[in-house]
Amino acid sequence: MSAGVRILVTAKAPVPGLVKTRLARDVGDRTAAGLAAAALLDTIDTCVAAVGAASCHLALAGDLAAAVRGEEISSALARWTVRAQRGRTFADRLATAHAATPGPVLQIGMDTPQVTPADLTAAADLLEAHDAVVGPAYDGGWWLLGLQDPTLAARLRTVPMSQPDTCARTIAALASGVVTTRTLRDVDTIADAAVVARTAPRSRFARSWQTREVP
C-alpha cells in the first residue's frame, strides 16, 4: 500500500424505508436496512484493516441515530473523519466528498461487503503508478474510484450515475491514465444479495442474509 493513501466511503445511514429500496421490495424495509447496516460494518472493518482508521473518511447521508445498528456503526467509526454528504445530485455529492479528502484517495460505497483489504491494497498499488483507478461493477457501474488528484472527481458531474454505461462514461470523463481492477457485484437486488453472501460467507452481511426474516 502506497504511503498517504486515504480511503473514502460514501454511504447512506441504514434507515428503514430510505436505503436499499430495490432490495426492500422483496425482503421488506427493516430487513433491507439490516442488510445495509451489515454491509456498511463489513466495509468499515475492511477499510480499517487496509489503511488504519486515521486514514479513513466517511461521507454520510442521513442520521445514524435513526438507523438499524446505528450505535454499533457509530462506535466502529471511532477515529474516522466523518462528514455529511453535500450536493444536489449523487454525482455532486461524490465530487464534493472527494474534494474534501486529501489525496491520493480510494473511494468505495457500502454495497460491496465482499471487498477485502487485499482488494484495496491492490488498487492503491495501481494508483501509485496511474492517475486514476476504476473498479467496474457487473451492472455497468463501478464499485471503486481511485484518484491521485481528488479534484478530478469534479468530472463526475457530467456522468449519469446508476446507468448501464456509468463505468464506461466515468473512464471516458477521466480521460488518460486510467486503469481498472477486478469486477465486483454491487448489492442492489435479492439476487445480488444471495450471490454476495455466498462469496463472503464469514461476513456480517452473509450472517444477516442467512438469518433474515422471509416475508
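Higher on the page you've got the structure.
Small disclaimer: the values here were computed from a predicted structure and weren't measured.

Colleague: What should I look at first to understand the nonpolar core in this one?
Modeller: Nonpolar side chains in soluble globular proteins tend to end up buried together. Of all hydrophobic cores here, the largest spans 38 residues; its most connected members are Val 9, Cys 47, Ile 73, Trp 80, Leu 106, Leu 120 and Leu 144. Of all elements in the fold, only strand S1 (6-12), helix H2 (29-51), strand S2 (56-61), strand S4 (105-108), helix H5 (117-129) and strand S6 (142-147) reach the threshold of two or more residues within this core. Among residues more than four places away in sequence, those in contact with Val 9 are Leu 40, Thr 43, Cys 47, His 57, Leu 58, Ala 59, Trp 80, Ile 108 and Gly 109. In this structure, Leu 94, Ala 132, Leu 145 and Val 159 belong to the second largest nonpolar core, which totals 17 residues.

Colleague: I would appreciate a short explanation of the pattern of salt bridges in the present structure.
Modeller: Close approach of charged atoms allows side chains of opposite charge to pair. Inspection of the entire model under this criterion finds 10 salt bridges. One salt bridge in this structure joins Arg 204 and Asp 42, with 3.8 Å as the shortest N-O distance. With Arg 204 in helix H8 (residues 204-210) and Asp 42 in helix H2, this pair connects stretches of sequence that are 162 residues apart. The partner of Glu 72 in a salt bridge is Arg 69, with the nearest N and O atoms 2.9 Å apart. You can call Glu 72 partly exposed: its relative accessible area is 35%.

Colleague: Can you walk me through the packing of aromatic side chains in this structure?
Modeller: Pairs of aromatic rings are described using the distance from one ring centre to the other and the angle between the two planes. Tallied over the full model, the rule gives zero aromatic pairs. The aromatic ring of Trp 209 is capped on one face by Arg 212, whose charged end is 3.6 Å from the ring centroid.

Colleague: Looking at this structure, how should I read the environment of Asp 26?
Modeller: Residue placement: Asp 26 occurs in helix H1 (residues 21-27). Asp 26 gets classed as partly exposed once you look at its relative accessible area, which sits at 43%. Sequence spacing of Asp 26 and Thr 189 is 163 residues, and the spatial spacing of their C-alpha atoms is 8.3 Å.

Colleague: Mind showing me how you'd approach unusual backbone geometry here?
Modeller: Glycine aside, residues mostly have negative phi, and peptide bonds are mostly found in the trans state. For the peptide bond that leads from Gly 103 to Pro 104, omega is -5°, which places it in the cis range. Phi at Lys 20 takes a positive value of approximately 50°, unusual for a residue other than glycine. For Lys 20, the position within the fold is in the loop between S1 and H1. Lys 20 sits in the buried class, given a relative accessible area of 15%. The phi dihedral of Ser 162 is positive, around 60°, even though this residue is not glycine. Tracing the chain through its elements places Ser 162 in the loop between S6 and helix H6 (166-174).

Colleague: Help me out: how do you make sense of the pairing of S1 in this one?
Modeller: As a general feature of sheets, a regular strand has side chains that alternate between the two faces. Burial analysis of S1 places five of its seven residues in the buried class, which makes it a mostly covered element. Bridging between S1 and S4 involves four bridges; their strand directions are parallel. Across the sheet, residue Val 9 finds its bridge partner in S4, namely Ile 108.

Cut-offs applied
Residues numbered from 1 in each chain as written. Predicted model: local features only at pLDDT ≥ 70, side-chain atom pairs only at ≥ 80, totals over all residues. Heavy atoms only, no water. Core = buried A, V, L, I, M, F, W, Y, C linked by side-chain atoms within 4.5 Å. Buried < 20%, exposed > 50% of the residue type's maximum accessible area, 1.4 Å probe, protein only. Helix = DSSP H or I, 4+ residues; strand = E, 2+ residues; numbered from the N terminus. Contact = heavy atoms within 4.5 Å. Salt bridge = Lys/Arg side-chain N within 4 Å of Asp/Glu carboxyl O. Phe/Tyr/Trp six-rings, centres within 6.5 Å; stacked < 30°, edge-to-face > 60°. Lys NZ or Arg CZ within 6 Å of the ring centre and 35° of its normal. Pairing = 2+ DSSP bridges.

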